[in-house]
Amino acid sequence: MERDECVGSVAMREMAHETTDERTTKGAALRRTAGLHDHLMPKEGWTTRGCAVMRVAAEQRRLGIHVAVLGAAGGIGQPLSLLLARRGSELASLRLYDVANVAGVAADLSHVDARAPVRPYQGTSELADALHGVDLVVLVAGAARKPGMSRDDLFQINAKVVFGLATAVAQHAPNAWLLVVTNPVDATVPIALEAMRKQGAGNDRKVIGVTSLDAVRAKKFVGDAVGVDPARIMVPVVGGHAANTMLPLLSQCSPRFAFTEKEIEDLTTKLREAGTQVVEAKAGAGSATLSMAHAADRFVGQCLRAMQGAKGIVECAYVSSSVTELPFFASPVQLGRDGVETYLPLGPLNTGEREALQLLKSELARSIQKGTEFARSA
Ligand SMILES: NC(=O)c1ccc[n+]([C@@H]2O[C@H](COP(=O)([O-])OP(=O)(O)OC[C@H]3O[C@@H](n4cnc5c(N)ncnc54)[C@H](O)[C@@H]3O)[C@@H](O)[C@H]2O)c1
């Protein structure tokens, strides 16, 4: 096929070698498709209708957003990849990368009736191809917690994994957004940004720690407590993403509720212990994967909308910022075409929230320093 020749015209050319019956059947199919296209897009000026349909599809793929999931064969990676594949024409392609078992996941997902091609890449020799030309990377590679472990206990394993993969992103997709899910997020985001900076890349506004599971859980727990559909609730969760660094700002819950002190304490504790509750319930088989995949997919969806120019997209995320004196902090940010567009202030805090914020800062500062030092000496 010549470079600029569309798939439709190749189909027409191939038809010249077919029997009359075969041609009639194929031609009817193409005409039906083209008729549908004319109905949906009547002003399109292509002369060959079947060709026009193919061209539109090819153009959508060219303009669409290429997404890579690193760690795609894992507990989060698999359901997240399914949810992303279902986004259909929002994606130009979905690249699935892992050190093991990714071919089967991609083969499985390539049968989902959605437009974006799903391709597997396995092992470091295929990492460059997985990342080349990608616009958005979701990093979910690394070990998950087992009972008795804190997120910080994962540092020894995951710091190296995140450093290596962020370095590769800087080398092969330096302008991509990098969404970091791998724990401990409080430290892995500083690692990822520093690793990219070492390669002369690393855009503060595009390296983003995904804390959306905290927001999803806060919506659910508050919704259930007050008897309102969780979908209608919005609670900013700020600080970091460890049990002792995350802080739900219940005074800013939307819609507003007059929580008692006891309710605030119970809801805050429930949120902070939610991850551990799942780890213990899974009894060694992993940590939150399905709710995390849902939360990450929603966050990716917001990023895709922002990349395509949608305005007013506000999410809480853990990013490099100057909202507080700490170099990284989870707070509401407005997303735009090139990552974080505006860092929104924390808003008015009540006395309890101000005290809790002071308490979490020292722990968060320690994790940030640990991550930054690791990356600088790596
Ligand atoms: N941000 C959050 O809210 C949140 C929530 C839950 C879990 N997590 C974290 O997400 C991470 C993934 O969790 P999971 O349950 O999917 O773990 P998992 O062990 O099930 O899967 C991890 C995957 O990463 C792959 N992997 C390991 N090293 C790799 C490398 N160098 N390159 C590519 N792939 C590699 C493994 O082969 C595996 O398929 C963990 O660190 C976990 O703590 C974060």
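Note: the structure precedes this text.
Residues numbered from 1 in each chain as written. Predicted model: local features only at pLDDT ≥ 70, side-chain atom pairs only at ≥ 80, totals over all residues.

Undergrad: A description of the overall build of the protein chain should follow, citing residues and the corresponding values.
TA: Looking only at helices and strands, one finds 12 helices and 11 strands in the protein chain. Buried positions account for 44% of the 378 residues belonging to the protein chain. Taking all contacts inside the protein chain whose residues are at least 6 apart in sequence as the whole, residues at least 24 apart take part in 68%. (Helix = DSSP H or I, 4+ residues; strand = E, 2+ residues; numbered from the N terminus. Buried ≥ 20, exposed ≤ 12 C-beta atoms within 10 Å, placed from the backbone. Contact = placed C-beta atoms within 7 Å.)

Undergrad: Explain the site of the ligand to me, and be specific about the residues and the numbers.
TA: Lining the immediate surroundings of the ligand are 33 residues, of which Gly71, Gly74, Gly75, Ala141 and Asn183 lie closest. Considering each element in turn, the shell around the ligand owes the most residues, four residues, to helix 7 (residues 155-172). Of the residues assigned to the shell around the ligand, the class counts are 18 nonpolar, 13 polar and two charged. (Near = placed C-beta within 6 Å. Nonpolar A, V, L, I, M, F, W, Y, C, P; charged D, E, K, R; others polar.)

Undergrad: Break down the packing of helix 7 against helix 8 (residues 185-198) for me, citing the residues and quoting the values.
TA: Two numbers describe how helix 7 lies on helix 8: the axes approach to 8 Å, and their chain directions differ by 35°. When you trace helix 7 past helix 8, the crossing you get is right-handed. Across from Phe155, Asn158, Ala159, Val162, Phe163, Ala166, Thr167, Val169 and Ala170 in helix 7, the residues of helix 8 making contact are Ala187, Thr188, Ile191, Ala192, Ala195 and Met196. Here the residues of the contact of helix 7 with helix 8 are counted per class, giving 12 nonpolar, three polar and no charged. (Axes fitted to C-alpha atoms, helices over the stretch in contact; angles between N-to-C directions. Left-handed = near helix turned anticlockwise from the far one by under 90°.)

Undergrad: Describe in detail helix 7, supporting the description with residues and values.
TA: Note on helix geometry: an α-helix contains 3.6 residues per turn, so any two residues three or four positions apart are oriented the same way. The terminal C-alpha atoms of helix 7 lie 25 Å apart, and with 18 residues this matches the ideal 26 Å at 1.5 Å per residue to within 8%. Along helix 7, the positions that sit buried rather than exposed are Phe155, Asn158, Ala159, Val161, Val162, Phe163, Leu165, Ala166, Ala168, Val169 and Ala170. Residues of helix 7 that are buried in the fold lie against strand 1 (65-70), helix 6 (127-131), strand 4 (136-139), strand 5 (177-180), helix 8 and helix 12 (351-377). (Expected span 1.5 Å × (residues − 1).)

Undergrad: Which residues make up the nonpolar core, and what values do they have?
TA: For soluble globular proteins, the rule of thumb is that nonpolar side chains tend to be buried together. With 106 residues, the main nonpolar core has Val137, Leu139 and Leu179 as its most contacted residues. A total of 10 residues in this core trace back to one element, the largest contributor, which is helix 7. Residue assignment places this core across two domains, with domain 2 (67-209) and domain 3 (212-366) each supplying three or more. (Core = buried A, V, L, I, M, F, W, Y, C linked by C-beta atoms within 7 Å. Domains from an automatic or database assignment.)

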